[in-house]
Amino acid sequence: MNIFIQLTYLVATILFIVGIKKLNRTQEARQGNMLSAFAMLLAVVATLVKSGLVTPIEIFVCMLIGGAIGLIWAKKVEMTQMPEMVAIFNGFGGIASLFVAFSDYWTRAVEQPSLSTDAITIVSILLSVLIGGITFSGSMTAYGKLSGKISGNAIVFKGQHLLNLVLFVVAIVCGMLVAIETGSVMAMVVMGVVSLVLGILVVIPIGGADMPVVISLLNSYSGMAACTTGFVLNNSVLIVTGALVGASGIILTQIMCKAMNRSLVSVLLGGFGAKSGSGEGGPSGSEMVIKEVGVEEAAMIFDSSSSVIIVPGYGMAVAQAQHVVREMMDLLQAKGVNVRFAIHPVAGRMPGHMNVLLAESNVPYDKLIEMDQINDDFANTDVVLVVGANDVVNPAARTNPASPIYEMPILNVDKARTVIVSKRSMAAGYAGIENELFGYPNCLMLFGDAKSTLTKMVGELKEL
Amino acid sequence: MSIENFIFLLYILVLASYCGFELISKVPPTLHTPLMSGSNAISGITIVGAILCIQEGEYSKYMGMVALVFATINVVGGYAVTDRMLQMFKKKK
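Rules used in this analysis
Residues numbered from 1 in each chain as written. Chains lettered and ligands numbered in written order. Predicted model: local features only at pLDDT ≥ 70, side-chain atom pairs only at ≥ 80, totals over all residues. Domains from an automatic or database assignment. Contact = placed C-beta atoms within 7 Å. Helix = DSSP H or I, 4+ residues; strand = E, 2+ residues; numbered from the N terminus. Nonpolar A, V, L, I, M, F, W, Y, C, P; charged D, E, K, R; others polar. UniProt positions renumbered as here; feature names shortened; annotations may be inferred. Buried ≥ 20, exposed ≤ 12 C-beta atoms within 10 Å, placed from the backbone. Pairing = 2+ DSSP bridges.

S.K.: An account of the domain arrangement of chain A is needed here, citing residue identities and associated values.
M.R.: Residue and element names in this part refer to chain A. Each domain of chain A was delimited in the assignment, giving domain 1 (77-269) and domain 2 (285-463). Relative placement of domain 1 and domain 2: their C-alpha centres are 37 Å apart. Between domain 1 and domain 2, the contact holds 19 residues from the first and 17 residues from the second. Going through the elements one at a time, helix 4 (82-111), helix 8 (211-233) and helix 9 (236-260) are the ones with two or more residues in the side of domain 1 that touches domain 2. Per-element tally for the side of domain 1 that touches domain 2: the top contributor is helix 9, with 5 residues. The class makeup of the residues in the side of domain 1 that touches domain 2 is 14 nonpolar, 5 polar and no charged.

S.K.: Break down the UniProt feature "transmembrane region" (unreviewed entry) in chain B for me, with residues and values.
M.R.: Residues and elements named next belong to chain B. Look at the UniProt record and you will see "transmembrane region" (unreviewed entry) annotated at residues 6-25 and 63-82. Spanning residues 6-25, this segment combines 95% helix with 0% strand, and its end C-alpha atoms are found 28 Å apart. Helix and strand shares over residues 63-82 are 100% and 0% respectively, and the end C-alpha atoms of the span are 28 Å apart.

S.K.: I'd like a description of the pairing of strand 4 (residues 383-387) of chain A, backed by residues and values.
M.R.: Residue and element names in this part refer to chain A. The buried fraction of strand 4 amounts to 5 of the 5 residues, a majority that puts the element mostly inside the structure. Of the two faces of strand 4, the one carrying V383, L385 and V387 and the one carrying V384 and V386 are both buried. One ladder, built from 5 bridges, connects strand 1 (residues 307-312) with strand 4; its direction is parallel. The partner of V311 across the bridge, within strand 4, is V386. As paired elements, strand 4 and strand 5 (residues 418-423) share 5 bridges and run parallel to each other.

Below is the structure:
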């Protein structure tokens, strides 16, 4: 019987790997996801069989409750809320690891103290609790920031890093106490609480536009938590899948950091853009001469163009403007205009955020072009429409060594013949710096809520 | 856990991590969000650990039950939402 279960785990592991591999290709991705879901089912069934045929009824009740909640959330969530959803699910994975480890610990420390507990197991338990706790509260804090329940800006205070360090030392000391004497329940509880506090403290100093890095990193943590739980339970399927997730999170984290030209350490230390503030305009705001454009005029410019590139940013998600953007694309294409989208790797609040939104509004994915592939094309483009993006199109990243975003890879929209920027106001972007693009002679500002101004412009385009 | 067993599990960890890096480094940016939510669902594999915790005991069993509810939300919700997203990615008709 045991052999059968082990072999089923092996099959599940292979399916997980094949499933992830298939996620590499857009055509096969859905199939890959199904495969990995099937692998999960196999692993669960094998575990139920392993636990004997007299499965406690509680297991089914819990799975029914969890499954129903998960399914309802997954069906109801808006595509614009995807980053929040991923943060929540991620946090739940973390807390599950924490509870599994704690449960195993409780058995050893209180309920069956006669069980021998070796050093490897206890260290694995401690790590599971620590990583699981940080993943949970960190993800929940990220959720709060993304959904606007707590300030999305960087929250920094004096002595923040020192406090984190002290808490980390407390966690380690408690961990050592538990490692020396398994029965030190109090130390274990303190460590669990400290890990939860640490998760919050680590995420609050990180501001909105750095969220893609944080989400990727937390994703990686949830994998690592599953992995350490695998060591606790001596279960290789947990270790393999946890390692796969851990690796994927780390890769995404690296990609995001590179796209912002910042090191992971500087993102984690946080506080970026907090000092310069993100209020209306900047000190040099009044010196810049900007040109405004009306809806009718903008429609005419688009109508007479032959190539258009649309640059979406987080503002498009906030304004829910993806559908009207797609309508505009259809209209322009019907007029024979070549329309494409330029996607900056960190546009939005999570990796690939813009791609999902535009896919939702039925933009074919071969219209979405990566930064490196499209950057040379801006010079031959008639009109660029920037919808709710700011720092990722700021030419200061190329020209101004004093700028905090200097040398960050940007989309070279300023090279196009005309740039139209749809923006609510002159407020600075996340980095809290003036965007010199807005003062360029070829740049026109289309002020107002992206959704309503673009809807009006689509109306105008229809009449032209 | 014997030290031999531990070393064996370490081998698994190292190879699986390497495998993960190789597999994922080629994912196109279009699929970054589905990759993230899909891998997130996979990390709900802790569900297996939760089931194993509910076998006996009293408080340890309750903790296992809490873990199981959270892990199931993670797994079911994660896969369902990833599928919903991937369904939307279409090529030009």
